[in-house]
Amino acid sequence: MRLIETEGLTKVYQREGHWFPSANDAMPAVDRVSLHVDKGETLGLVGESGSGKSTLARLLLGLETATEGRLLFGGEDVTRWGFKRLRTIRGRMQMVFQNSYSSFDPLFTVERIVGEPLSNYRGMLARERRCVVLESLDMVGLGAAYAERYPHELSGGQLQRVNIARALVLQPELLICDEPFSSLDFKLRRQMLVLLEELKIHLGLSYLYITHDLSSVSRFCDRVAVMYGGQIVETLPAARIAEDALHPYTRALLDAVPVQDPRLRRSKTGRPFGDPALPQGEGVTQGCRFCSRCPAAMPVCTTVEPALVRKRPFHEAACHLYANQIVKE
Ligand code: SF4
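1. Digging into the environment of Asp 77
Phase 1: By secondary structure assignment, the location of Asp 77 is in strand β6 (residues 76-77).
Phase 2: Through-space distance from the C-alpha of Asp 77 to that of Ile 4 is 9.9 Å; in sequence the pair is 73 residues apart.
Phase 3: With residues up to four places along the chain from it excluded, the contact list for Asp 77 reads Arg 70, Leu 71 and Leu 72.
Phase 4: Here the side chain of Asp 77 touches Arg 70 through a polar contact of 3.1 Å, side chain to side chain.
Phase 5: One polar contact links Asp 77 to Thr 79, side chain to side chain, over a distance of 2.5 Å.

Encoded structure:
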C-alpha cells in the first residue's frame, strides 16, 4: 500500500539577477520525479551532493512548493494544499536532520527540544508533554536523566538519538532521514541503523533514507532510487544493488564505496569520475544528464534523453545502453 507517492514532481528555481528571465535561467533542482514509499518500506535515495535529494525531501514535507507534478500522501493529493492544511498531515511525516547540534537551540533542555512539536502541533501542556517526551527518549535508548541535559552535554550519538526522539514524538508514519548519520563514525552509524530497524518493527514506520553512503543502503533499505541531476536514473532492490546495478552512474557510485562492505567493490580513485554536471539552464534540455561524465556515452546520448524504463521486475533504469532490452534474470 502506497504511503507517499510523487508523479512527475518538479521544482524549478529561477536564477536571480536577470532583468528579463529566459528559459536558460531556469534551474530544475528536481525534474519529473516519480517514486513512492510503501507502508512499512525503507526506500534509500542516493546520489552525490547537488543531485536534488534534499530538495526532493523538502517537497515531500511541503517545505517547498512543486512547480509541476503531483504529491500524494495516503492516497490523497496534497500538492496544492496550503500551509495550514498541510499542518494536519505534517505530524504523520517527520524529518531526521543531518546535523543535530546546529538544529537544536543550545539554551533548550532535551525535554524542551523533544517536546517542542507537541506544543506546536498538539497544543499539549507541560505535564502531559513530559510523559510523551520521556516515552520517546526511552524508545531511542535514553533514560529520563537525559531530559534535563543541554545539547553541549551530549555526545554525537546521543544528539542523534535526541533528534530521532523529537521526530518520533508525534507518532509519524514516515520518517525522512536526510544524511542522518554522516557526522558519526562507522561503529556509531551501525548502532543508529540498528536502532532505526528496531523502531521500524515496533512502530510500523516507513523510511525515506537519503544518503550518499551506499554501503549502508544495501543492508538497511528495501529498495534504492539513484538520483542524478534532479532525476531518478535507476531504482532496484537494495540487496541486489552491487550485483544488478545497470546505470553507469550507479556503477560509478558503487566503485567509490570504501571497504567496510566487502560485497561492494573498492574504487581505485575513491570517488566517481568527472565533476557533477548540474542541470542548470543551457544544455539540459536534451540528451542524458550524465553524458559528460559517462565512459559509455554514445552519439545518441547527447541528443535523446533516456527514459526510466523497467528492465527486470522491480528494476528500472534510464540509459540508452539498455534501450529496448529487458535484462534476463
Ligand atoms: Fe551513459 Fe548514454 Fe547511458 Fe547516459 S544514456 S548513462 S550517457 S550510456
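Still to come is the rest of the account.
2. Focus: empty space enclosed by the protein
Phase 1: One pass over the full model with this rule turns up 2 cavities of 30 Å³ or more.
Phase 2: By volume, the largest cavity amounts to about 100 Å³.
Phase 3: A per-class count over the lining of the largest cavity returns 13 nonpolar, 2 polar and no charged.

3. A few points about the pattern of salt bridges
Phase 1: The final tally for this structure, using the stated rule, is 19 salt bridges.
Phase 2: A salt bridge links Glu 7 to Arg 70; its shortest N-O distance comes to 2.9 Å. Here Arg 70 lies in strand β5 (residues 68-73) and Glu 7 lies in strand β1 (residues 2-14), a separation of 63 residues in the sequence.
Phase 3: Across the pair Asp 213 and Arg 189 runs a salt bridge, and its minimum N-O distance is 3.3 Å.

So, how was this worked out
Residues numbered from 1 in each chain as written. Predicted model: local features only at pLDDT ≥ 70, side-chain atom pairs only at ≥ 80, totals over all residues. Heavy atoms only, no water. Helix = DSSP H or I, 4+ residues; strand = E, 2+ residues; numbered from the N terminus. Contact = heavy atoms within 4.5 Å. Polar contact = N/O pair within 3.5 Å; in protein donor to acceptor, adjacent residues only side chain to side chain. 1 Å grid on protein atoms, 1.4 Å probe; cavity = no way out; pocket = protein on both sides within 12 Å on 5 of 7 lines; lining within 4 Å. Points joined across faces, edges and corners; volume = space filled by probe spheres on them. Nonpolar A, V, L, I, M, F, W, Y, C, P; charged D, E, K, R; others polar. Salt bridge = Lys/Arg side-chain N within 4 Å of Asp/Glu carboxyl O.

All we've got here are geometric facts, nothing functional implied.
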